[in-house]
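# Observations on chain architecture
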Amino acid sequence: MIPLTFSFKRIIFSLLLLALLPWQLWAAQYTRDDLIDYMLKETKLDEGYLRKNIGEAKFEADLIRKMNTPYEARPYAEYRPLFVNQRMKKKSEAFLKKHHAIFVEAQAKYGVAPEMITAILGIETRFGENWGRDRVLDALFTLATGYERRADFFRKELKAFLILCQEEGLNPQDIEGSYAGAFGVTQLMPTSFLEYAVDGDGDGKRDVWGTPKDIIFSVAYYFSRYHWSDDKMVAHWMSDLPQNELITKALKDETRTWRKLSEFEKVGLKKPNDKWSSDEEVALITRQTAQGERTLLVNRNFYAITRWNRSWNYALAATELANMLGNQQCEIGL
Ligand SMILES: [Ca+2]
């Protein structure tokens, strides 16, 4: 028999949930008209264009649920096998080979290793096989009006999306992408597209859907803007960390504070190998791996990957995949 108090508590809890959920899903800070007013003030976009597209955007409540359960939040042990595997390696090698000439040019121009760019494009969309089936317009509209926590962010993304469609001669209603509004083989968000997308082949369009040179150059340019260096390592699993105040503090600070590797060396941390330089900035983070919780030494190259995607799991998987493709700087130790 279930004690009365227990079921009573359950009922109250369920009622509370019911009261909260619809608010989370439906509380729209901005109406369609508010959004149109905002865009008219903030952009030079035509009112008819705005009324048509914002007027016809669909609110998809399901997208908000997806936003609240991102798979990047899984432990690394569960996340890793999705991307660091033989199938991905094979696909990546084929992509590298096919676009070899473009990669050589991109590396000379932007200083970003082909394997890292390839790893990014593989993880994002399996080289364009899977770039999401949600209409970007609907996704951004939904999140700008119904995802209270980050509505401001998505309002700006929607604005950028409507601008870029106009600039690129695209119909906003035709573009499909991820449930968060990222699109193309690169999965750039609209503001990032405006800032970083590159017309690599010089035809006047930044085609991140079907032009390999635009796609590869865009990733390379993005990484170069965040100071990726082909001469530096990325991350390294640490074993036998010394125990002292500085290490404890660094583990707590994670990537909020960057310190010279020499500072750690002074308190007994051993440099992983000579490819790491004592004067580079590093941080310590921990991940749940198949072997339990482990500590990772990371540097500014790792940080550059997290500017592309904020998830540490993502950055680490990209590093491991690039290493599987033969990139030595992406060696992360045992
Ligand atoms: Ca182009």
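So, how was this worked out
All chains use their own residue numbering, which begins from 1 and follows the written sequence. Residues qualify for local features only when their pLDDT is at least 70, as the model is predicted, and side-chain atom pairs are given and counted only at 80 or more; totals for whole chains, interfaces and linings, by contrast, use all residues. Geometry is summarised by axes, namely lines fitted to C-alpha atoms with helices restricted to the contacting stretch, and by angles between N-to-C directions that run from 0 to 180 degrees. Helix and strand definitions here come from DSSP, where helices need a minimum of 4 consecutive H or I residues and strands a minimum of 2 consecutive E residues; each element is numbered from the N-terminal end. Between 65 and 115 degrees an angle is taken as roughly perpendicular, under 35 as roughly parallel, over 145 as roughly antiparallel, and anywhere else as oblique. Note on convention: the crossing is left-handed when the near helix lies turned anticlockwise from the far helix by less than a right angle, right-handed when the turn is clockwise. Here the contact rule is simple: place C-beta atoms from the backbone, and any two residues whose C-beta atoms are within 7 Å are in contact. For this classification, Asp, Glu, Lys and Arg are treated as charged, while Ala, Val, Leu, Ile, Met, Phe, Trp, Tyr, Cys and Pro are nonpolar and the rest, including Gly, are polar. A domain assignment, automatic or from a database, supplies the domain bounds used here. By this definition, two strands are paired if DSSP reports at least two bridges between them.

### Some points on the packing of helix H9 (residues 136-146) against helix H10 (residues 151-168)
Between H9 and H10, whose axes approach to 7 Å, the crossing angle comes to 150°. As judged from the angle between their axes, H9 and H10 are roughly antiparallel. Remark: the crossing between H9 and H10 carries left-handed chirality. Contacts between H9 and H10 involve Val136, Leu140, Phe141, Leu143, Ala144 and Thr145 from the former and Ala151, Phe154, Arg155, Glu157, Leu158 and Phe161 from the latter. Considered class by class, the residues forming the contact of H9 with H10 number nine nonpolar, one polar and two charged.

### Looking at the domain arrangement of the chain
On domain assignment, one finds that the chain holds domain 1 (27-225) and domain 2 (235-330). Of note, the centres of domain 1 and domain 2, computed from C-alpha atoms alone, are 28 Å apart. Contacts between the two partners involve 23 residues from domain 1, matched on the other side by 21 residues from domain 2. Looking at the side of domain 1 that touches domain 2, the elements that each hand over two or more residues are helix H5 (76-83), helix H6 (86-98), helix H8 (114-125) and helix H12 (212-225). A total of seven residues in the side of domain 1 that touches domain 2 trace back to one element, the largest contributor, which is H8.

### Points about the sheet that holds strand S4 (residues 259-260)
Spatial strand order, S3-S6-S5-S4: four strands in an open sheet with antiparallel pairing. Where the open sheet ends on each side, the last strands, each with one partner, are strand S3 (235-238) and S4. As paired strands, S4 and strand S5 (residues 281-289) are joined by two bridges and run antiparallel to one another. Residue lysine 260 lies in a different strand from S5, and its bridge partner there is glutamate 281.

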